[in-house]
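Each chain, letter by letter, is given below.
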Amino acid sequence: MGLLADESPIPSQTAIGDYRVVGRFASGGMGDVYEVVNPLLREFFAMKVLREGSASGPARKEAVMRFLDEARLTARLRHGNIVTLHTMGLEPTRGRLYFVMDYVGLVPQRRAEILGAGPWFSHGSTEAGAIARQPLSLEEVLRVRGPLDEAVVRVLADDIARALHCAHSFGGGIVHCDLKPANVLLRDDGHAVVSDFGIARARSAEQAPEATSVILGTPDYMAPEPVSYTHLRAHET
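Residues numbered from 1 in each chain as written. Predicted model: local features only at pLDDT ≥ 70, side-chain atom pairs only at ≥ 80, totals over all residues. Heavy atoms only, no water.

A.B. asks: Can you tell me about the overall build of the protein, naming the residues and giving the values?
C.D. replies: Counting its secondary structure elements, the protein contains 6 helices and 10 strands. Evaluated residue by residue, the protein yields a buried proportion of 43% over its 237 residues. Excluding contacts between residues fewer than 6 apart, the proportion of contacts in the protein whose partners are at least 24 apart in sequence is 55%. (Helix = DSSP H or I, 4+ residues; strand = E, 2+ residues; numbered from the N terminus. Buried < 20%, exposed > 50% of the residue type's maximum accessible area, 1.4 Å probe, protein only. Contact = heavy atoms within 4.5 Å.)

A.B. asks: I'd like to hear about the packing of aromatic side chains, residue by residue, with values.
C.D. replies: Inspection of every chain in the model, using the stated rule, returns 4 aromatic pairs. Taken together, a centroid distance of 5.0 Å and an interplanar angle of 40° make the contact between Phe-67 and Phe-99 tilted. Within this pair, whereas Phe-67 is found in helix H1 (residues 58–75), its partner Phe-99 is found in strand S6 (residues 97–102), the two being separated by 32 residues in sequence. When its relative accessible area of 1% is taken as the criterion, Phe-99 is described as buried. (Phe/Tyr/Trp six-rings, centres within 6.5 Å; stacked < 30°, edge-to-face > 60°.)

A.B. asks: So what's going on with H1? Residues and values would help.
C.D. replies: For H1, spanning 18 residues, the distance from its first C-alpha to its last is 26 Å, which sits close to the expected 26 Å at 1.5 Å a residue. Residues of H1 that are buried: Ala-63, Phe-67, Leu-68, Glu-70, Ala-71, Leu-73 and Thr-74. Looking at the buried positions of H1, the neighbouring elements they touch are strand S4 (43–50), strand S5 (85–90), S6, strand S7 (174–175) and strand S10 (201–202). (Expected span 1.5 Å × (residues − 1).)

A.B. asks: Outline the sheet that holds strand S3 (residues 31–38), listing residues and values.
C.D. replies: Read from one edge to the other, the open sheet built from 6 strands follows the order S1-S2-S3-S4-S6-S5, with strand pairing classed as antiparallel. Each end of this open sheet is capped by a strand with a single partner; those strands are strand S1 (15–16) and S5. Note: S1 against strand S2 (residues 19–27), 2 bridges, orientation antiparallel. Bridge pairing in S2 links Ile-16 to Tyr-19. (Pairing = 2+ DSSP bridges.)

A.B. asks: Give a detailed account of helix H2 (residues 108–115), specifying residues and quantitative values.
C.D. replies: It helps to recall that an α-helix has 3.6 residues per turn; residues three or four apart then point in one direction. Buried within H2 are the following residues: Arg-110, Arg-111, Glu-113 and Ile-114. All buried residues of H2 fall inside an arc of 165° around its axis, so they share one side. Structural note: H2 exposes Gln-109 and Ala-112 on the side pointing more than 90 degrees away from its buried face. Turning to H2, the residues buried within the fold contact helix H3 (138–145) and strand S8 (184–186). Just downstream of H2, Ala-117 is the residue with a positive phi angle, here 65°. (Arc of directions from axis to C-beta.)

A.B. asks: Tell me about the environment of Ala-161, residues and numbers included.
C.D. replies: For Ala-161, the location among the structural elements is in helix H4 (residues 150–169). We classify Ala-161 as partly exposed; its relative accessible area is 42%. Residues Ala-161 and Val-194 lie 33 residues apart in sequence; the distance between their C-alpha atoms is 9.8 Å.

A.B. asks: I'd like a description of the pattern of salt bridges, backed by residues and values.
C.D. replies: Any two side chains of opposite charge can pair, given that their charged atoms come close. Considering all chains together, one arrives at 13 salt bridges under this definition. Residue Lys-48 is joined to Asp-196 by a salt bridge in which the shortest nitrogen-to-oxygen separation is 3.8 Å. Of the two residues, Lys-48 is situated in strand S4 and Asp-196 in the loop between strand S9 (192–194) and S10; the sequence distance between them amounts to 148 residues. The same class applies to Lys-48 as to Asp-196, namely buried. Notably, a salt bridge pairs Arg-162 with Asp-158, separated by 2.7 Å at the nearest N-O pair. Of this pair, Arg-162 and Asp-158 both sit in helix H4, 4 residues apart, roughly one helical turn. On the basis of relative accessibility, which here comes to 47%, the residue Arg-162 falls in the partly exposed class. Overall, Asp-158 belongs to the partly exposed group, its relative accessible area being 35%. (Salt bridge = Lys/Arg side-chain N within 4 Å of Asp/Glu carboxyl O.)

A.B. asks: Lay out the nonpolar core with the relevant residues and their values.
C.D. replies: In this structure, Trp-120, Leu-156, Leu-186 and Phe-197 are the most contacted members of the largest nonpolar core, which totals 25 residues. At the level of secondary structure, the elements contributing two or more residues to this core comprise H3, H4, S8 and S9. By residue number, the principal contributor to this core is H4, which donates 7 residues. Once you skip the residues sitting within four places of it in the chain, Trp-120 turns out to touch Arg-110, Ile-114, Val-141, Arg-145, Leu-148, Val-152, Leu-156, Leu-186, Asp-189 and Gly-190. Listed in part, the 17 residues of the second largest apolar core include Leu-50, Phe-67, Val-83 and Phe-99. (Core = buried A, V, L, I, M, F, W, Y, C linked by side-chain atoms within 4.5 Å.)

Written out as structure tokens, the structure is:
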């Protein structure tokens, strides 16, 4: 996710449910992501708020349904390598949907070590939440640090595979549909957490006939089968 400037962020200190906004740190096609704090727990979380945008009518309805699907599918999954969703509600000023999940961020020392070719793995940080944490994606690491050591790659691949196995094994199966380095976050201990189930689908929905009419995902990271299948179906009709 990269910051977008076409929608004003929710002001700092705005109260949303049991949380107060610290600041916006990312935006995507459907939602802005904020760092928020629960004052009673003194813990920090990430809150994704559905973007208002300019869509209306059927397009707006589709955006709302995708946002709800992301929340409902993510809420079903409980795994150490998948970001945990805690609650969902309506933002009070404009009635926008939001959900709250774990804030996966690194303390400055660990962020500097991983980006600067220092030690990758550690026992994590016991620093208090007041220490400014920042999210760090695998995409950013690869851009700054370049190719990773084989031992690190093996561990990260195992983390990601375990996360996907959990999703694929739940009920009828949940397919992420947009797995890429930008959607893999790193913890203080150096292990990976899969995030952003924004276009995930239950396997049963993926197999429905109408699900083949639209291709969702990032082209550079998509498997060829969905594109090829949709292309063939288009020529059959």
